[in-house]
Structures are given as structure tokens and as C-alpha cells.
Amino acid sequence: MRGLVLGGTASGVGKTVATLAAIRALEGAGHAVQPAKAGPDFIDPSHHERVAGRPSRTLDLWLQGEDGLRRNYARGEGDVCVIEGVMGLYDGDGSSTAAVAEALDLPVVLVVDASAGMESVAATALGFRTYADRIGRDVDVVGVIAQRAHGGRHADGIREALPDDLAYLGRIPPNDDLEVPDRHLGLHMGDESPLPDDALDAAAEELRVDRLVDIAREPAGEANGAEADPADEVARAEADRPRVAVARDDAFRFAYPATIERLRERATVETFSPVAGDPLPPCDGVYLPGGYPELHAAALAESPALGEVASAAAEGTPVLGECGGLMALAESLTTVEGETHAMAGVLPADVRMRDRYQALDHVELRATRDAPTASAGETLRGHEFHYSEADAAGDARFAFDVERGTGIDGEHDGLIEHRTLGTYAHVHPESGAFDAFLDGL
């Protein structure tokens, strides 16, 4: 599957809109597009999926390693992959957009805000291309999409200023309908505030889809383990598979597609909606992903599911809660407005929302005891991004020391009770955490 990377000059430059327009343009030309996102994001991929009609792949060297990143790319479907970058092209010491492009040897199309520039757009692109040589990275910046650029003289001036070896790939016209509203943790999800189809179609028409296709190329390297052995699939289908209950609703939205795929490979997955009042399905293990429990705290407090999760946890059923899942497993959750709601009460902590984010980083955790996702002494890599803080009881037990990141108290993460683990860190299945969880069922 050929691919290309849309990298930005900075955060907020309009990479998501440019990516959605590129997906729409390529699909309009008859291509099956696989969207992907560089970096540990859940929100931008929801917009990709809404437009492309298939889940967006997460590509992050810190979370997955180079082999894992290539495997995740190779598991995509389609003939062209469009990868949206994270932050500015070279930003991010754990896994920058440039590092992802280099690992896959894919070309980079630079998204530049042209709202107040013309020849300076070309100068900016040239600077981003030559900077790769200065820092010793093999990054191939091949073209430019001019974001928020007018037509006529404005677009012509940008195109004429670019050297021959930097392709002008079109523009995204200024349009208030192409702005996705945001809130804490980032943009609204794709099904909450989708871009209007007519505005997206108009933007797609301004892109040079033939040049995008010509620029895309096959990634370098082999994706070892990308294809499953059919014999293994038969064996898994015939085996006595465990049942895993996975919360999936507006409060628990942040699960990587690869995570659900991995769970389905080895277990029978039963989804349920605590917000809608669904009961906990019969299961051997429970996974509560991250999301927005603070926006649905009242409904969660009234849901029978949290009490049933607490009962299952007390009986020894393994339960894993990540970020929002940790919050739901705590004693209580207090919103920014000061309203306190009872949660499952499995983990000895009270959670309070804050106006400002409390942690944002790639993280590395070292297990200090055996836990559902790692054995003592093992390390896990993940990421954290949350506006809440958890006030743990003085006798609370932690499963991990934080070697990079913030965790729950700056030094520890992973509150553990019975066989229940709640952590602020989100991990990818390439970390081995979900295999360890399934092995314990």
C-alpha cells in the first residue's frame, strides 16, 4: 500500500482538515484510502474514520517500536494511505512526524498556513526541507498544501515561488465551515462535529489529486508478522476463548483499533454501554478504555454497570481501566462545576477535574509488582493526556514506578486492588500489555 505523510509547520496549522480533504479527493478519484495518524491520538482518527469509512491506524515509534509501527501500517486496507502528522513536522522527542516518515521512508507533504503569506510559504517549505539535512534525518519533503489560501493571484504566487522539486499540491480555501470546534483533550469527535460534506467537497476540489497519487510510494522495510497464519486463526477459533467485556460509548471512546483487533484475535469481545444503562455482560475480564466520563458522570453514577464491575472485581475478575476507565473505577468523580458523583469504588482514590491539563507526554512505566498488564520488573511504554487528578488514599497500592511522565502522583501509576488495575497511561497492543491481560484470564 502506497502512502504519504501530511506534516505541519506547527500545531493548529490545519493538518486535520487538509488530511480529510486529501482523503475525500483521493476517494473521489476512485482510490480506497487508509487513513492513519502519527502520534498517540484518538480524536483526529475519529474524523478520519467518518470520512474514509474505515478505522484510522495509529503510528507511533514510542508506543510500537519500528517493527510494530510497520506491522500496524501493513495491516491497513486500501491502495493509498494518508498519514496525518502530529504537532509540527520535527516536534516530539518520543515520536515526531519526521521520525514516522523516516521509519517508513514515505514522502512528506508540508501543510503551511498561507493566510498571511505568499513567497514566504515557499521559503518556509524550503527551510523545513533543508532542516532534515542539518539534523541528520532522512526526511523527504516533496510538496506543499497551502492552508487557508485564496485562489487567483494568491495561489499563483505560492505556486510560482516554489522551486521545481517542491510540488504545489493545491490549497484549502478559507472557510469557517472547515473549522472543527475544540474542547479539553482536543477537537470534538468526528461523529459529534463532522465537517459539512459540501465544504469538504469544495476543499477536495482544490487539491491536485493526480500529483498526490504520483507522490505516494510503497514504504521501505518488511512488516514482519503483519499477516496472521491461517492455521493459527483456526486454532484460535476452536479454542475455549475467554470473554472480555469492553465499555464502548461516549464516556469510553479512546481505544485504538489495533487494541480491539488484538482482543478479538484471542477472545470473544462483548461491548456494552454503561452510559446507556447496559448491564455488565457475563465475562472473564473487563476493559474500560479512556474517554470522557466527566461529561457523563451523572449517567455513570446511576448505571448498574459500575456496581456490577465492582462486584466482579471483588470476586477476582481482572479489570483494566485506562485514564477514563481509572476515573470510573475510583470512589468518586468531581466535575469542573463542583458536582461530585459516586463511581465504582474499586480503587481507593477520588478524582477531580481541573481547568488545565495535568499531564501530556509519552510515558514509561516500570512494574514494581505483578500486575494484569506486566510482570514485576517489566517496562511499558504509553502516553498520558488528562485534565483530571486522582487523590489516592494513603494506603493505596501502586503497580508501577514512573520513569518518564507524570502518572498519578508524579512518581507512581497503576492503582491496583484485587486483580483490578487503573492507570492514567494508555498503552498500545504492541507493548504486550493486552497479551499479558489476556494471558491472565
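Residues numbered from 1 in each chain as written. Predicted model: local features only at pLDDT ≥ 70, side-chain atom pairs only at ≥ 80, totals over all residues. Heavy atoms only, no water.

Our next topic: the packing of aromatic side chains. Inspection of every chain in the model, using the stated rule, returns 9 aromatic pairs. Taken together, a centroid distance of 4.5 Å and an interplanar angle of 25 degrees make the contact between Phe42 and Tyr256 stacked. Here Phe42 is found in the loop between β2 (33-38) and α2 (43-52), whereas its partner Tyr256 is found in the loop between β10 (243-247) and α10 (257-266), with 214 residues between them in sequence. Residue classification places Tyr256 among the buried residues on the basis of a relative accessible area of 2%. Consider the rings of Phe254 and Tyr292, whose centres lie 5.2 Å apart with planes at 75 degrees: the pair is edge-to-face. Linking Phe254 in the loop between β10 and α10 with Tyr292 in the loop between β12 (285-288) and α11 (297-302), this pair joins segments that are 38 residues apart in sequence. (Phe/Tyr/Trp six-rings, centres within 6.5 Å; stacked < 30°, edge-to-face > 60°. Helix = DSSP H or I, 4+ residues; strand = E, 2+ residues; numbered from the N terminus. Buried < 20%, exposed > 50% of the residue type's maximum accessible area, 1.4 Å probe, protein only.)

As a packed pair, helix α1 (residues 15-28) and α2 sit with axes 10 Å apart at the nearest point and diverge in direction by 20 degrees. In terms of axis orientation, α1 runs roughly parallel to α2. Once α1 is placed against α2, the crossing between them reads as right-handed. Touching Thr16, Thr19, Leu20, Ile23, Arg24 and Glu27 of α1 are Asp44, His47, His48, Val51 and Ala52, all from α2. (Axes fitted to C-alpha atoms, helices over the stretch in contact; angles between N-to-C directions. Parallel < 35°, antiparallel > 145°, perpendicular 65-115°, else oblique. Left-handed = near helix turned anticlockwise from the far one by under 90°. Contact = heavy atoms within 4.5 Å.)

Of note in this structure, Arg148 is not a glycine but carries a positive phi near 60 degrees. Counting through the fold element by element, Arg148 comes out in the loop between β6 (141-147) and α6 (153-161). A positive phi angle, close to 55 degrees, is found at His418, a residue other than glycine. Checked against the element boundaries, His418 lands in the loop between β21 (412-417) and β22 (420-423).

Attention now goes to the pattern of salt bridges. In this structure the tally under the stated criterion is 29 salt bridges. For Glu102, the salt bridge goes to Arg137, with nearest N and O atoms at 2.4 Å. Placement of the pair is Glu102 in helix α4 (residues 97-104) and Arg137 in the loop between α5 (119-135) and β6, with a sequence separation of 35 residues. According to the relative accessible area criterion, Glu102 is partly exposed, its value standing at 27%. Several salt bridges converge on common partners, so that one network encompasses Arg262, Glu265, Arg266, Asp435 and Asp439. (Salt bridge = Lys/Arg side-chain N within 4 Å of Asp/Glu carboxyl O.)

Before going further, it helps to spend a moment on the side chain of Thr317. Take Thr317: it is sitting in the loop between α12 (304-314) and β13 (319-322). Residue class for Thr317 comes out buried when judged on its relative accessible area of 14%. When residues no more than four places from it in sequence are discounted, the contact partners of Thr317 are Asp284, Gly285, Val286, Ala312, Arg419 and Thr420.

Pairing is mixed across the open sheet formed by 10 strands, whose spatial order is β11-β10-β12-β13-β22-β21-β20-β17-β18-β23. In the strand order of this sheet, the two ends are held by β11 (268-272) and β23 (426-427), each with one partner. As paired elements, strand β17 (residues 359-367) and strand β20 (residues 398-404) share 4 bridges and run antiparallel to each other. Its bridge partner lying in β20, Glu364 is registered against Arg404. (Pairing = 2+ DSSP bridges.)

With that out of the way, let us pick up the pairing of strand β7 (residues 167-172). For β7, the buried fraction is high: 6 of the 6 residues fall into the buried class. Where β6 meets β7, 4 bridges bridge the pair, whose relative direction is parallel. In the strand pairing of β7, Ala146 is matched with Arg171. On the question of chirality, the crossover connecting β6 to the parallel β7 by way of α6 is right-handed. (Right-handed = clockwise from strand over helix to strand, strands pointing away.)

Okay, empty space enclosed by the protein next. According to the stated counting rule, one finds 3 cavities of 30 Å³ or more in the structure shown. Volume-wise, the second largest cavity comes out at about 60 Å³. Taken together, Leu320, Glu322, Leu365, Thr373, Leu380, Phe400, Leu421, Thr423, Ala425 and Val427 make up the full set of residues lining the second largest cavity. Those elements that place two or more of their residues in the lining of the second largest cavity are β13 and β22. Residues that form the lining of the second largest cavity fall into these classes: 7 nonpolar, 2 polar and 1 charged. (1 Å grid on protein atoms, 1.4 Å probe; cavity = no way out; pocket = protein on both sides within 12 Å on 5 of 7 lines; lining within 4 Å. Points joined across faces, edges and corners; volume = space filled by probe spheres on them. Nonpolar A, V, L, I, M, F, W, Y, C, P; charged D, E, K, R; others polar.)

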